[in-house]
Amino acid sequence: MSGIAGIYVPSGREVESVNAAIRQMTATLAHRGPDCGAYWVESGGLLGFGHRLLAVADLDETGTQPFHSPSGRFVLVFSGAVCNHSEIREQLESKEYAQHWRGTSDVNALAVAIEVWGLRQAIEKVSGMFACAVWDRSKRELTLIRDRMGEQPLYYGWCGNTFAFASELRAIERLPGVKLTVDPAALAQYLRFTYVPGPRSIYTAITKLPPGCLATVRPEPGHPPDIHRYWSLLDCAQAGLAAPFLGDEIEAETELARFLAKSVNRRIFVDVPVGAFLSGGVDSAAVVSEMVQQTSQKVNTFTLGFGQAGYDETEEAHRVAERLGTVHHKAVISEKEAMRVVPALGSLYDEPFADSSQIPTVLISRYARQSVVIALCGDGGDELLGGYPRHASAIRWFRRVRRYPLALRSPIGTSIGHLIKAAGNLNPDLIPAANDIVRKVAKIAAILRAGNLAECYLEWVSHWQPADQILRGINLHARRNDEVLALNPDIKNDARELMLIDSLTSLVDDMLVKVIRAAMSASLETRAPFLDHELIEFAWTLPNRFLMDGFKRKCLLRTLVEKRIEPVRLTTSKTGFSVPLGSWLRGGLRDWAEDTLNAQPPAAAALLNDKVIKKVWRMHLRGAKNNSSLLWAVLMFKSWAGHRMQ
């Protein structure tokens, strides 16, 4: 996976000062690349690149970065993997270019491809997950690139007269003299969704490069880069639905199996041990069944549970592993072991992040790293091949309310919202965040104001509704709606529209952040075969009948997998990596939670209404309501601020 960092100083600076800055920034990324680190500074102190390496292929020094193209025109730093680099090499392999190969690393193939085809065409041919910076010495131009689905993170921004970029925010924080402040709008969105949605970061001056984009950096300090999209999931979805797959179910299953096989094949043949996360669900079972078919070696699979009903799928995973003949590793984690991870989460996740399944994800990553360097996972299967049951619920609700004109229902929703807020002001125990009934009414009021399905769905998946109840003087509740709606996700297909919204939002900034940050903290690389762009482009051509039937989801994929694991039957309802957070906060985590809530790091003290938060905490402690998901968002923000903003 590795990590990258860099600075660009258009006015130039002493080489030694740039060298020192790059070393400090890159040192913070050692967990992403424990095998080695390297640095490069352009003459005159104009530019500096740093790289940390997690070696997974071509284990000699021929893949060392920063990497220079054959002519020396391009200099690259690259994090992630070009999963089809052998295919690119075959296309480029000729007498003319044979002399340019230095080993078999993917960055070598990418550097030659950029020199031969040009930057844009080369990137369009790449399949994989990556964040990359390319310096064109001829044009004196810096370009940042992020993979199509946003698997690899890439942050950037102007810090005074210096442009900085890195795989993680912590590297930019180490830039000498930098002062970063929390963005109230990003915090409001975080409290609604439990993650910071891109392109924002938690800091005002720093941005995330959107998936599928290139950013060309201008030499004028403070001027934002020019963003160009080289691949669009929205365009892919619209094209697929406009030209649907016309075959029958057997033909669709055959094609799905072919694309899945190609994607897995691209991701498993490396020079280090590879395994897979295995739950009791269809997505991970599909990935593992394909791995087993493609390699003669035993596949290592990993699962984790808590030994508590409703929070443990180890038995389901064991049955699948036994049927497929994998070397299965099962860890049953005690409550004490799990809670021991919690105090470090605020730092480990780089930005505030409050999906509580981060706890078992960190633990299984550490467990898997004892045996493998790369783990495949099933991320993206829900968003691509059938969606979540909540989609059907949201669609049903919106179909009910849209029977009435927006001009009629919107004022009603607004009036209900005002009444709820007034009740909360009179009696804090009645605020929507604390009282289950009132909170549900508040959500219905918000849905009444929704003008379309996308806006309705964003209300459906929101937390801390509305955000201004715990933020001091900030009311930015609608901002995220505007940004998502600006993507124009209306594709005239209700179920697929919600799958698309999830793919553009929570998949990138929640699911992938959760897994990749957890894995990188253990120096483990994860790869998600369902996010191969060719598989995605095929899946969007599939008619709904192959994917869902009411609340039944992923029909085609389930059929494919269950044929491979007969007589084992997959569970129809998954708990995922959930944890009994509510009881933990009343029990073993209570002291930590109270200390964290009472702490006043500067960023939190200025922005959060602690009076409201403490009311919710007391209500949770006495068992009046399980407010764990709401409290967890505040706890993770305060924990992050305590680690990073002192």
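Residues numbered from 1 in each chain as written. Predicted model: local features only at pLDDT ≥ 70, side-chain atom pairs only at ≥ 80, totals over all residues. Heavy atoms only, no water.

Asks: Please explain the pairing of strand β5 (residues 74-82) as it appears in this structure.
Replies: Look at any regular strand and the pattern is simple: side chains alternate between the two faces of the sheet. Along β5, 9 of the 9 residues are buried, which leaves the element largely enclosed by surrounding structure. Of the pairings in the sheet, the one linking strand β4 (residues 67-68) to β5 comprises 2 bridges and is antiparallel in character. Across the sheet, the residue bridging to histidine 68 is valine 75, located in β5. Counted between consecutive antiparallel strands, the loop separating β4 from β5 contains 5 residues, among which glycine 72 sits at a positive phi close to 90°. (Buried < 20%, exposed > 50% of the residue type's maximum accessible area, 1.4 Å probe, protein only. Helix = DSSP H or I, 4+ residues; strand = E, 2+ residues; numbered from the N terminus. Pairing = 2+ DSSP bridges.)

Asks: What's the story with empty space enclosed by the protein in this structure? I'm lost.
Replies: Gaps left between atoms show up when a probe the size of a water molecule is rolled over them. Inspection of the entire model under this criterion finds 6 cavities of 30 Å³ or more. Taken as a whole, the largest cavity encloses approximately 140 Å³ of empty space. Lining the largest cavity we find 19 residues, and of these Tyr155, Lys208, Glu351, Val513 and Arg517 sit closest to its centre. At 6 residues, the largest contribution of residues to the lining of the largest cavity is made by helix α21 (residues 506-521). Tallied by class, the residues present in the lining of the largest cavity amount to 12 nonpolar, 1 polar and 6 charged. (1 Å grid on protein atoms, 1.4 Å probe; cavity = no way out; pocket = protein on both sides within 12 Å on 5 of 7 lines; lining within 4 Å. Points joined across faces, edges and corners; volume = space filled by probe spheres on them. Nonpolar A, V, L, I, M, F, W, Y, C, P; charged D, E, K, R; others polar.)

Asks: I'm lost on the sheet that holds strand β9 (residues 162-166) in this one. Help?
Replies: Backbone-to-backbone hydrogen bonds pair the strands of a sheet. The strands run either parallel or antiparallel. One open sheet accounts for 6 strands, arranged β2-β3-β1-β9-β8-β10; its pairing is antiparallel. The open sheet has two free edges, formed respectively by β2 (36-41) and β10 (207-208), since each of these has just one partner strand. Looking at chain direction, strand β8 (residues 155-159) and β9 are connected through 5 bridges and run antiparallel. Its bridge partner lying in β9, tyrosine 155 is registered against alanine 166. Against the sheet, helix α1 (residues 15-27) contacts β1 (3-8), β2, β3 (47-53) and β9, and its axis sits at roughly 150° relative to β1. (Contact = heavy atoms within 4.5 Å. Axes fitted to C-alpha atoms, helices over the stretch in contact; angles between N-to-C directions.)

Asks: How should I be thinking about a nonpolar patch on the surface in this particular structure?
Replies: Together, Tyr404, Leu408 and Ile412 make up a nonpolar patch on the protein surface, roughly 310 Å² of accessible area in all. Tracing the chain through its elements places isoleucine 412 in helix α16 (residues 406-426). What makes isoleucine 412 partly exposed here is its relative accessible area of 42%. (Patch = residues over 30% accessible without salt bridge, like charges linked within 9 Å, V, L, I, M, F, W, Y side chains within 5 Å. Areas by Shrake-Rupley, 256 points an atom, 1.4 Å probe, with all protein chains shown as cover. Salt bridge = Lys/Arg side-chain N within 4 Å of Asp/Glu carboxyl O.)

Asks: Before we go on, may I ask you to explain the packing of aromatic side chains in this structure?
Replies: What describes a pair of aromatic rings is the distance from one ring centre to the other and the angle between the planes of the rings. Going through the model one piece at a time under the given rule, you end up with 15 aromatic pairs. Between phenylalanine 78 and phenylalanine 130 the ring centres are 6.0 Å apart and the planes differ by 20°, which places this aromatic pair in the stacked class. Of this pair, phenylalanine 78 sits in strand β5 while phenylalanine 130 is found in strand β6 (residues 128-136), placing the two residues 52 residues apart along the sequence. The exposure class of phenylalanine 78 is buried, given its relative accessible area of 2%. With a centroid separation of 6.0 Å and an interplanar angle of 40°, the aromatic rings of phenylalanine 193 and tyrosine 195 are classed as tilted. Following the ring pairs from residue to residue traces out a cluster consisting of Trp40, Phe49 and Phe165. Directly above the ring of tryptophan 397 sits arginine 400, whose terminal nitrogen or CZ lies 5.5 Å from the centroid. The cationic tip of arginine 545 hangs over the ring face of phenylalanine 546; the distance from NZ or CZ to the ring centre is 4.5 Å. (Phe/Tyr/Trp six-rings, centres within 6.5 Å; stacked < 30°, edge-to-face > 60°. Lys NZ or Arg CZ within 6 Å of the ring centre and 35° of its normal.)

Asks: What's the story with the packing of helix α15 (residues 389-401) against helix α18 (residues 453-460) in this structure? I'm lost.
Replies: If you want to describe how two helices pack, look at the angle between their axes and the distance between the axes. For the pair α15 and α18, the least separation of the axes is 10 Å and the interaxial angle reads 120°. Classified by the angle between their axes, α15 and α18 sit oblique to one another. Note on packing geometry: the crossing formed by α15 with α18 is right-handed. Across from Arg390, His391, Ser393, Ala394, Ile395, Trp397 and Phe398 in α15, the residues of α18 making contact are Leu453, Cys456, Tyr457 and Trp460. Residue composition of the contact of α15 with α18, by class: 8 nonpolar, 2 polar and 1 charged. (Parallel < 35°, antiparallel > 145°, perpendicular 65-115°, else oblique. Left-handed = near helix turned anticlockwise from the far one by under 90°.)

Asks: How should I be thinking about the sheet that holds strand β15 (residues 327-332) in this particular structure?
Replies: Taken in spatial order, the 5 strands make up an open sheet running β15-β14-β13-β16-β17, and their pairing is parallel. The open sheet is flanked by β15 and β17 (525-527), the only strands paired with a single partner. Neighbour-to-neighbour, the strand axes of this sheet turn through a mean angle of 30°, independent of strand direction. Pairing geometry for strand β13 (residues 274-277) and strand β14 (residues 300-305), over 3 bridges, is parallel. Its bridge partner lying in β14, glycine 275 is registered against asparagine 300. Along the sheet face, helix α9 (residues 282-294) touches β13, β14 and β16 (374-376) and points at about 155° away from the line of β13.

Asks: How should the pattern of salt bridges be read in this particular structure?
Replies: Side chains that differ in charge, positive against negative, can pair when their charged atoms come close. For the structure on display, the rule yields 29 salt bridges. Its salt-bridge partner being arginine 266, residue aspartate 532 comes within 2.9 Å of it at the nearest N-O pair. Highlighted residues: aspartate 532 in the loop between β17 and α22 (533-539) and arginine 266 in helix α8 (residues 249-268), separated in sequence by 266 residues. Across this residue pair, the class does not change: aspartate 532 and arginine 266 are buried. Here arginine 390 ties to aspartate 502 by a salt bridge, and the two come within 3.1 Å at their closest N and O atoms. A residue pair is termed long-range when its members are at least 10 positions apart, and arginine 390 in helix α15 and aspartate 502 in helix α20 (residues 494-504) qualify at 112 residues.

Asks: Mind showing me how you'd approach the confidence of the model for the protein here?
Replies: Regions with low pLDDT should not have their predicted coordinates read in detail. Overall, the prediction assigns the protein a mean pLDDT of 87, with 89% of residues at 70 or greater. Low pLDDT (under 50) marks residues 426-434, which in the prediction has 29 contacts with non-local residues, meaning those over four places away or in another chain. (pLDDT = per-residue confidence, 0-100.)

Asks: Sorry, what's going on with the packing of helix α2 (residues 85-92) against helix α3 (residues 106-117) here?
Replies: Two elements in contact, α2 and α3, have axes whose closest approach is 9 Å; the angle formed by their N-to-C orientations is 40°. Comparing the axis directions of α2 and α3 gives the class oblique. In the crossing of α2 with α3, the sense of the turn from one axis to the other is left-handed. Each of His85, Ile88, Gln91 and Leu92 in α2 lies in contact with α3, whose residues at this interface are Asp106, Ala109, Val112, Ala113, Val116 and Trp117. Grouping the constituent residues of the contact of α2 with α3 by class yields 7 nonpolar, 2 polar and 1 charged.

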